[in-house]
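Structure assessment
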Amino acid sequence: MTKIHIIDLKFLHEHHTVAAFLIESNNGLILIETGPESTWSQLKTAIIRLGYDVSDVKHVLLTHIHFDHAGAAWKLAEEGATVYVHPLGLPHLASPGRLWDSAFRIYGEDMDRLWGKMEPIQPSQLKECLHEQVLDFGDVQFKALHTPGHASHHIAWKHEDVIFTGDVAGVKINEGPVVPPCPPPDIHLENWKASIALLKRQTTQKLYLTHFGIVDDPVVHLDRLEVILEDWALWMKRYHDQPADQKEVTEKFMAYTQQQLKDAGLDQENILRYEYANPSWMSVAGLLRYWKLKEQGRL
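Let me begin by describing the structure that accompanies this report.

Here's the deal with the overall build of the protein
The helix and strand tally for the protein stands at eleven helices and twelve strands. The C-alpha radius of gyration of the protein comes to 18 Å, within 12% of the 19 Å expected for a compact globule of 299 residues. Projected onto the principal axes, the alpha-carbon positions of the protein cover approximately 55 × 40 × 40 Å. Pairs at least 24 residues apart make up 67% of the contacts formed inside the protein by residues separated by at least 6 positions. Surface accessibility of the protein: about 13000 Å² in total, with carbon and sulfur atoms responsible for 48%. With 29 positive and 40 negative side-chain charges, the protein shows a spacing of 3 Å between the two charge centroids.

Notes on the sheet that holds strand E9 (residues 155-159)
As summarised here, the arrangement of the six strands in space is E7-E8-E9-E10-E11-E12, forming an open sheet in which the pairing is mixed. Of all the strands in the sheet, just strand E7 (134-136) and strand E12 (213-215) have a single pairing partner and so form its edges. The mean angle between the axes of side-by-side strands here comes to 25°, regardless of whether they run parallel or antiparallel. Examined bridge by bridge, strand E10 (residues 162-166) and strand E11 (residues 206-209) share four bridges and lie parallel to one another.

What about helix H5 (residues 97-107)?
For H5, the full list of buried residues reads Leu99, Ala103 and Tyr107. On an axial view of H5, the arc spanned by its buried residues comes to 55°, and they lie on one face. Summarising the geometry of H5, the exposed residues directed more than 90 degrees from the buried face are Arg98 and Arg105. The secondary structure elements touched by the buried residues of H5 are helix H2 (67-70), helix H4 (90-94), helix H6 (111-115) and helix H11 (280-295). Within two residues after H5, glycine 108 carries a phi angle of roughly 55°, on the positive side.

Details of the packing of aromatic side chains
A complete count under the given rule lists 16 aromatic pairs for this structure. Relative to tryptophan 100, the ring of phenylalanine 67 lies with its centre 5.6 Å away and its plane at 85°, an arrangement referred to as edge-to-face. Pair noted here: phenylalanine 67 is in helix H2 and tryptophan 100 is in helix H5, with a separation of 33 residues, a long-range link. Looking at tryptophan 100, the relative accessible area reads 23%, which means it is partly exposed. Summarising the aromatic geometry, the rings of phenylalanine 142 and phenylalanine 164 are spaced 6.2 Å apart at their centres and angled 45° between planes, so their arrangement reads as tilted. On the criterion of sequence distance, the pair formed by phenylalanine 142 in strand E8 (residues 141-146) and phenylalanine 164 in strand E10 is long-range, its members being 22 residues apart. A connected cluster of aromatic rings, assembled from ring pairs, spans Phe11, Phe67, Trp100, Tyr107, Trp115 and Trp281. Across the ring face of tryptophan 291, the terminal group of lysine 237 is positioned such that the distance to the ring centre comes to 5.5 Å.

Here's the deal with the nonpolar core
Ranked by internal contacts, the top residues of the largest apolar core, which has 60 residues, are Ile32, Leu61, Phe142, Trp157, Phe164 and Met236. Sort the elements by how many residues they give to this core and helix H8 (residues 218-241) lands first, with nine residues. Val54, Leu76, Met111 and Trp115 belong to the second-largest nonpolar core, a separate cluster that totals 39 residues.

Quick word on the pairing of E8
Sheet analysis places E7 next to E8, joined by three bridges and oriented antiparallel. Note on E8: the bridge partner recorded for leucine 135 is phenylalanine 142. Connecting the antiparallel pair E7 and E8 is a turn made up of four residues, with glycine 138 showing a positive phi of about 90°. As paired elements, E8 and E9 share four bridges and run antiparallel to each other. Residue alanine 144 lies in a different strand from E9, and its bridge partner there is tryptophan 157.

A look at the side chain of aspartate 167
Locating aspartate 167 in the fold gives a position in the loop between E10 and helix H7 (189-201). The charged side chain of aspartate 167 is buried without a salt bridge, its nearest counter-charge being lysine 172 at 15 Å. A polar atom in the side chain of aspartate 167 sits 3.3 Å from the side chain of histidine 211. Among residues more than four places away in sequence, those in contact with aspartate 167 are His64, His69, His150, His154, Pro181, Trp192 and His211.

Conventions adopted
- Residues numbered from 1 in each chain as written.
- Predicted model: local features only at pLDDT ≥ 70, side-chain atom pairs only at ≥ 80, totals over all residues.
- Heavy atoms only, no water.
- Helix = DSSP H or I, 4+ residues; strand = E, 2+ residues; numbered from the N terminus.
- Rg over C-alpha atoms; globule rule 2.2 N^0.38 Å.
- Contact = heavy atoms within 4.5 Å.
- Areas by Shrake-Rupley, 256 points an atom, 1.4 Å probe, with all protein chains shown as cover.
- Lys, Arg positive; Asp, Glu negative; His and termini not counted.
- Charge placed at Lys NZ, Arg CZ, Asp CG, Glu CD.
- Pairing = 2+ DSSP bridges.
- Axes fitted to C-alpha atoms, helices over the stretch in contact; angles between N-to-C directions.
- Buried < 20%, exposed > 50% of the residue type's maximum accessible area, 1.4 Å probe, protein only.
- Arc of directions from axis to C-beta.
- Phe/Tyr/Trp six-rings, centres within 6.5 Å; stacked < 30°, edge-to-face > 60°.
- Lys NZ or Arg CZ within 6 Å of the ring centre and 35° of its normal.
- Core = buried A, V, L, I, M, F, W, Y, C linked by side-chain atoms within 4.5 Å.
- Salt bridge = Lys/Arg side-chain N within 4 Å of Asp/Glu carboxyl O.
- Polar contact = N/O pair within 3.5 Å; in protein donor to acceptor, adjacent residues only side chain to side chain.

Pasting the structure below:
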């Protein structure tokens, strides 16, 4: 079994919110996820503590291009790494201006504090990966599983009998419940459920969640994700059917989801970790947009 190093990127100085995963191969180090550029120093320090340098990372596998998963990819590319990504995400890494501008409209002046910077990656260092394409790094192989639903440009990476799931398998922190991250603009419930079904069909012993860590019971975990995804979606549908002030809806949804976490036995510290990893206010915009597009026949 290949040794997998879990790197806690300590996003916003908090443990167990965002992870990256390092694997050794005879073709250089492989990094799955990079975290945002704002956690670059933590990533670099962790790699050094493992006895390597960031320049030893030759391959970066991204589950998708959201900043908490791919924001520091350009830093690894500057060190010589090749970045592997979904075809729909590749152009945004080569020219991240639109991606950055879109995020800035949401986060404003918090962009630097949350995410740091994002610079273009040379096209020669970007490799698109098709569905079920196998990357062979000598003694280590990965299969790309296109898994849209959370994002149209999402890949889950299968290695041996484990899968690095990005966000398609949800967020689960410190023995808490699994919850679905539903930010705009790509939430598509039917695609997400199909992606969950695809993951269930795999021969898998463990899931590695970017938010955060190892799941030892993949099918049970994914079943629970489907239930809560449906719960959140239907909760939001009534506010699409009977429109209300979005600020009011956001406050109600945050209270609703935080009560779910309290009912699951989480204390305030772990509820805060969930909020850092999966801001509940983001899911309001994402799910309302889904129902709007659904009504318009655009999904």
